[in-house]
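# Tertiary structure, described
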Amino acid sequence: MNELLVQTAARAAKYANEIGNRRVAPRPEDIARLEALGGPLPQRPSDPAEVLALLDDIGSPATVATTGGRYFGFVIGGVLPAALAANWLAGAWDQNAALYVMSPVAARIEEIVLAWIIDLFGLPSTCAAGFVTGTTMANFTALSAARTVLLERLGWDVEENGLFEAPPIRVVVGEEVHVSLLKALSLLGLGRSRVTRVPTDGQGRMKADALPPLDASTLVCIQAGNVNTGAFDPAKEICRRAHQAGAWVHVDGAFGLWAAASPHYSALLEGASAADSWAIDCHKWLNVPYDSGIAAVREAEHLRKAMLLSAAYLQTSEVREPCHYTPEASRRARGIELWAVMRSLGRDGLRELVERNCGLARRFAEGLRQAGFEVLNEVALNQVLVSFGGAEETQHVIAEVQNEGTCWCGGTQWHGHAAMRISISSWATTEEDVGRSLAAILRIANSVAHRRTGAGHFKTEEMA
């Protein structure tokens, strides 16, 4: 075991040390080599060291370099050194985080991390939280609590009776609602298409003055950080109006809630702490390994009632039992990595991470504007949307940037425009990474324009 772990550490360290020197997307030939991992299941056991070597030699070249500094796709963070090291140690511990008796260390660490999160985000001290896989499950978990409470007000016990013949819950979302929240609603039996959509402004912010009439059977879902623009719904006004009517407010704050770590950006979250529940991603801006998210609910008993399980053989106690706050029972102890990152960064490190990424996003936007491109959003946070002209031209630039390998940016549609979406979420991204990536994007855009018009016109030399 010892020799195998030493070999594994050496291979992992080599991969991490070389990540900045490799192309971001794997080459087609490296992807094709993955077939060597297949074939019939071997009849006889294999030497674990040989298995590891095969996995590394074939698998590592076929990875996407999301842990490097030039991956700007989706909203994917890297992995901080303390987080990776804690992940390895947690893997060696192999703790089942279902019950306190199964792992006192996992259970206690979740309590510590929850206290830090409450303090950092300014959430009420009455909060409970479940440590889940990501925002989709965080939305599902928190909205389960909302469903329980709203139906209870109407005299219905959904845990016992299900949704058959249950009174209806009205769900209100913004026009730019994220697909993960709609998926959570569908899993909860509340439906994707039964929602009431509220108009949004040019940045995707819900218009509070366009809210429909609300009541105590209404669930209002708002965003802290639009996935395209980074914009925030006006939480203060929405929460005020919702709570006057007795409605429940849920915040999908996947990456945006981390803006609370910076005094410069925390104003974007004004009023968000007045909500009833929150969904938070940790493998995005906190840069812990996949997978990691948090579902927080204002009143602990609301979350506990929605998630409670019991059986004669489950040895519970008076302390917080982790399985009473998540959909899963058995699960890995992902709170260990959260503890390591938050302890290692501290308040100053979290603030610096957020502010540096936002500054690099502004640099991207400024460079693209100077080159003559249209930046489609107000760069309020860490997201940049840029158009390279028409839809076909923009899509060609995105495809060629992804294939070229210097960096990786995704595509989207924004208010009728095809756009490249650039998300700065990684601790590893530097000024040099942005300059190198800008130069590659502009070089490719110039080439695409030249092929289409016969004359390139974008500036590239200043961005090198």
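Below is a short write-up of the structure.

### As for the sheet that holds strand 1 (residues 128-132)
- Here we have seven strands laid out as an open sheet, ordered 1-7-6-5-4-2-3, and mixed in their pairing. With partners counted over all chains shown, the strands left at the sheet margins are strand 1 and strand 3 (196-198), one partner each. For this sheet, the mean inter-axis angle between neighbouring strands, taken without regard to orientation, is 20°.
- Alignment of strand 5 (residues 248-252) against strand 6 (residues 277-281), held across three bridges, turns out to be parallel. Within strand 6, the position partnered with His250 by the bridge is Ser277.
- In this fold helix 9 (residues 235-244) packs onto strand 4 (218-223) and strand 5, with an angle of close to 175° to the strand it touches most, strand 4.

### Brief notes about the sheet that holds strand 9 (residues 383-387)
- What the four strands build is an open sheet, ordered 8-9-11-10; its pairing is antiparallel. Across the chains shown, the open sheet's two edge strands, defined by having one partner strand only, are strand 8 (374-375) and strand 10 (410-414).
- Alignment of strand 9 against strand 11 (residues 417-423), held across four bridges, turns out to be antiparallel. What sits directly across from Leu385, in strand 11, is Arg421.
- In this fold helix 11 (residues 335-370) packs onto strand 8, strand 9 and strand 11, with an angle of close to 15° to the strand it touches most, strand 9.
- Sitting on the sheet, helix 12 (residues 391-404) touches strand 9, strand 10 and strand 11, and the angle it makes with strand 11 is about 30°.

### Details of the packing of helix 6 (residues 135-153) against helix 10 (residues 300-307)
- Between helix 6 and helix 10, the shortest axis-to-axis distance is 8 Å and the interhelical angle comes to 95°. It follows from the interaxial angle that helix 6 and helix 10 lie roughly perpendicular. Each of Thr141, Ser144, Ala145, Thr148, Val149 and Glu152 in helix 6 lies in contact with helix 10, whose residues at this interface are His302, Leu303, Lys305, Ala306 and Met307.
- The class makeup of the residues in the contact of helix 6 with helix 10 is five nonpolar, four polar and two charged.

### Here we look at the side chain of His250
- As for its placement among the helices and strands, His250 is situated in strand 5.
- Owing to a relative accessible area of 0%, His250 belongs among the buried residues under this scheme.
- Among residues more than four places away in sequence, those in contact with His250 are Asn139, Ala142, Leu143, Leu181, Leu219, Val220, Cys221, Ile222, Ser277, Trp278 and Ala279.

### Observations regarding the pairing of strand 7 (residues 293-297)
- Strand 7 sits mainly inside the fold: five of its five residues count as buried.
- In strand 7, alternate side chains face the same way, and those of Gly293, Ala295 and Val297 on one face and Ile294 and Ala296 on the other are all buried.
- Sheet analysis places strand 1 next to strand 7, joined by five bridges and oriented antiparallel. If you follow Ala129 over to strand 7, its bridge partner there is Ala296.
- Bridging between strand 6 and strand 7 involves five bridges; their strand directions are antiparallel. Within the sheet, the bridge partner assigned to Ala279 lies in strand 7 and is Ala295.

### Observations concerning the pattern of salt bridges
- Within this structure, the stated rule accounts for 23 salt bridges.
- Where Asp201 meets Arg205, a salt bridge forms, and the shortest distance between an N and an O atom there is 2.8 Å.
- A residue is classified by how much of its surface remains accessible, and Asp201, at 22% relative accessible area, is partly exposed.
- Here the salt bridges share partners, and the residues they tie into one network are Asp291, Arg332, Arg334 and Glu337.

### Side note on the environment of Ala311
- Summarising the element assignment, Ala311 is placed in the loop between helix 10 and helix 11.
- You can call Ala311 partly exposed: its relative accessible area is 32%.
- Along the sequence, Ala311 and Glu393 sit 82 residues apart, while their C-alpha atoms lie 60 Å from each other.

### Side note on the nonpolar core
- Counting residues in hydrophobic clusters, the biggest one holds 66 residues, and the most contacted among them are Ile117, Phe121, Val220, Trp258 and Leu286.
- When neighbours within four sequence positions are excluded, Phe121 is seen to be in contact with Leu257, Trp258, Ala260, Ser273 and Ile280.
- By size, the runner-up hydrophobic cluster in this structure holds 35 residues, among which are Val158, Ile169, Leu181 and Leu190.

Basis of the calculations
- Along each chain, the written sequence defines residue order, and numbers are assigned to residues from 1.
- Local features in this predicted model are restricted to residues of pLDDT 70 or higher, and side-chain atom pairs are both shown and tallied only at a pLDDT of 80 or more, whereas totals for entire chains, interfaces and linings draw on every residue.
- Side-chain metrics in this entry use all non-hydrogen atoms of the structure; hydrogen atoms and water are not considered.
- Note on pairing: two strands pair once DSSP finds at least 2 bridges between them.
- Secondary structure elements are taken from DSSP: a helix is a run of H or I of four residues or more, a strand is a run of E of two residues or more, and numbering for both begins at the N terminus.
- For helices, the fitted line uses only the C-alpha atoms of the stretch in contact; every axis is such a line through C-alpha atoms, and the angle between N-to-C directions lies from 0 to 180 degrees.
- Here, residues are in contact when the closest pair of their heavy atoms is within 4.5 Å.
- Here the word oblique covers every angle except those under 35 degrees (roughly parallel), over 145 (roughly antiparallel) and from 65 to 115 (roughly perpendicular).
- Residue polarity follows a fixed list, in which Ala, Val, Leu, Ile, Met, Phe, Trp, Tyr, Cys and Pro are nonpolar, Asp, Glu, Lys and Arg are charged, and the others, Gly among them, are polar.
- Buried residues are those whose accessible area, probed at 1.4 Å on protein chains only, stays under 20% of the maximum for their type, while exposed residues exceed 50% and partly exposed ones sit between those limits.
- Between Lys or Arg on one side and Asp or Glu on the other, a salt bridge is scored when a side-chain nitrogen of the former is within 4 Å of a carboxyl oxygen of the latter.
- What makes a nonpolar core is a set of buried Ala, Val, Leu, Ile, Met, Phe, Trp, Tyr and Cys residues whose side-chain atoms join them at distances within 4.5 Å.

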